[in-house]
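# Inside the fold
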Amino acid sequence: MTTADYLYVHIPFCKTICYYCDFVHRVYQEDIVDAYLSSLQKEIESKEISSLKTIYIGGGTPTSLNERQLDRLLSLFDSYVSEVKEYTIEINPETLTEEKIQILKKHGVNRVSIGLQTTEDKLLKLMNRHHTFSCVQSVVSLLKQYGIKNISLDIMYSLPFQTMESLKKSVNDALSLHPTHLSLYSLTIEENTVFERKGYDFITEEDKKILSEGKVDYIGFSYYMSFATKYQGRNEKTFDYCSEDFVRNEYLKASDWGWQIDPLGLRWCLNWFYDRYELPMMIVENGFGAYDKKEEDGTVDDQYRIDYLKAHIEAMRDAVTYDGVDLLGYTMWSPFDIVSASTGEYDKRYGFIYVNYNNNHEGDFSRSKKKSFYWYKHVIETNGEEL
């Protein structure tokens, strides 16, 4: 038995080959596809996969298969459909028919990824793509008629002869279809592609000069909390992570919303950014969301907020004084209580100023100063010397 959360299946066949593509692919031949599907079936049966959460069938062009073959392909995963939350297949618009959509629906596919690339016909021809935007419009409409509404569109930029106006039009055209996801990715000239064999190189010396001179002058970032991850046998032992690998760090306190309080983590981040990029930094958001209680006399004793901000300012000071990072400035979030962007709550308060309004939409929006207001005012007056 093989336990896996995510399954990717590669179907390398295409009706025609795009001139930029360097993925594993070959031109569609019916007998070869049949042999490939037989091998794929043996492979899947030998794995006895369990616990799947997503299936992604990519390529190539999975919908280049004829109706019989597409039905056979998807039937290999019928036993997993009740488990998976997202079942995606990549399509090229000109290869998708109503009959094939019916097959997708029959087997529980609930998401499609469409290679739109551009809506400019001459650029599509240059790449050896064989659809038009009107074709994409028809396909999207038909998919939605069959209840497949989770649709992703891909757009490419840095195409030869592509102007900014053309790219903007493609993006706007794509948005007019109301996709649930839109991705933009750059053309790169890969070895052994038609573009490479023709000697195309669309990055000029002037482009390289602009890129080298166009870097940012400083790095701005927000810091509220840290996460912990646990190695579970399937995730890599690297800095890459999946949110499902997050675990509670039992050595840290947390807010009422489970946000772990980790000022040392801020110092670590400052060092990591500075070691990696050697650029000045600015912390643009840092704060503590909490339930604040307004007393009868109008005061709010939010010592917990003072403790949080004090610890993080001390961590910044240590990063500058002892570690030598270049920190330009700091702004906390936020001076006034405002609706929380992460949860949409009024009761999750960050400010030095209490705003009289709550989750039940009660209150007159009157304002009063919390204990932290006077503390932070003194911090500013002493330029951080007295915390």
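Read on for a plain summary of the structure. Bear in mind the structure is a predicted one, so any value in this text is a computation, not a measurement.

## So, the overall build of the protein
Of the regular secondary structure elements, the protein holds 11 helices and 17 strands. At 27 Å, the protein has a C-alpha radius of gyration far larger than the 21 Å of a compact globule built from 387 residues. Principal-axis analysis of the C-alpha atoms places the extent of the protein at approximately 80 × 55 × 45 Å. Per-residue burial over the protein gives 42% buried out of 387 residues. If you sum the accessible surface of the protein, you get close to 21,900 Å²; carbon and sulfur atoms cover 52% of it.

## So, the pairing of strand 11 (residues 219–222)
Only one face of strand 11 is buried, namely the one carrying Ile219 and Phe221, since none of Gly220 and Ser222 on the opposite face is buried. Pairing geometry for strand 11 and strand 14 (residues 281–285), over four bridges, is parallel. Residue Gly220 lies in a different strand from strand 14, and its bridge partner there is Met282.

## Observations regarding the nonpolar core
Within the largest apolar cluster, 46 residues are counted, with the highest numbers of intra-cluster contacts made by Ile57, Leu73, Leu74, Phe77 and Leu143. Here the element with the most residues in this core is helix 5 (residues 133–145); it accounts for six residues. Beyond its immediate sequence surroundings of up to four residues, Leu74 is in contact with Ile57, Tyr87, Ile89, Ile103, Leu104, His107 and Val109. Tyr224, Leu279, Met281 and Met316 belong to the second-largest nonpolar core, a separate cluster that totals 27 residues.

## As for the side chain of Ser334
One can find Ser334 in the loop between strand 15 (327–330) and strand 16 (353–355). A polar contact is formed between the side chain of Ser334 and the backbone oxygen of Phe336, at a distance of 2.6 Å.

## Examining the environment of Ile57
Topologically, Ile57 is positioned in strand 6 (residues 54–59). Taking relative accessible area as the criterion, Ile57 reaches 0% and is therefore assigned buried.

## Some words on the pattern of salt bridges
This structure, assessed with the given rule, holds 17 salt bridges. For Glu43, the salt bridge identified is with Lys47, shortest N-O distance 3.7 Å. Here the residue Glu43 and the residue Lys47 both occupy positions in helix 1 (residues 30–47), the gap between them amounting to four residues, near one helical turn. Across the pair Arg317 and Asp318 runs a salt bridge whose closest N-O atoms are separated by 3.7 Å. A single salt-bridge network, built from bridges that share partners, covers Asp292, Asp302, Arg305, Asp337, Arg349 and Lys370.

Parameters at a glance
- Throughout this document, residue positions are counted from 1 along each chain, in the order its sequence is written.
- Totals for whole chains, interfaces and linings use all residues, but because this is a predicted model, local features are given only for residues with pLDDT of at least 70 and pairs of side-chain atoms are given and counted only at 80 or more.
- Note that the side-chain values use all heavy atoms of the structure and ignore hydrogens as well as water.
- We count a stretch as a helix when DSSP gives it H or I for four or more residues in a row; a strand needs E for two or more, and each element gets its number in order from the N terminus.
- The quantity called the radius of gyration is restricted to C-alpha atoms. Its globule counterpart is 2.2 Å times the number of residues to the power 0.38.
- Think of it in three bands: with a 1.4 Å probe and only protein chains considered, a residue is buried below 20% of the maximum accessible area for its type, exposed above 50%, and partly exposed in between.
- Each accessible area is a Shrake-Rupley estimate made with a 1.4 Å probe; only the visible protein chains count as cover when residues are assessed.
- Should DSSP find at least two bridges between two strands, the strands are regarded as paired.
- In this text, buried Ala, Val, Leu, Ile, Met, Phe, Trp, Tyr and Cys residues form a nonpolar core when linked through side-chain atoms within 4.5 Å.
- For this analysis, residues touch if any pair of their heavy atoms sits within 4.5 Å.
- Identification of polar contacts relies on pairs of N or O atoms within 3.5 Å, with a donor-acceptor requirement for protein atoms, meaning one able to donate a hydrogen and the other able to accept it, and with residues adjacent in sequence counted only if both atoms are side-chain atoms.
- Any Lys or Arg side-chain nitrogen found within 4 Å of a carboxyl oxygen on Asp or Glu counts as a salt bridge.

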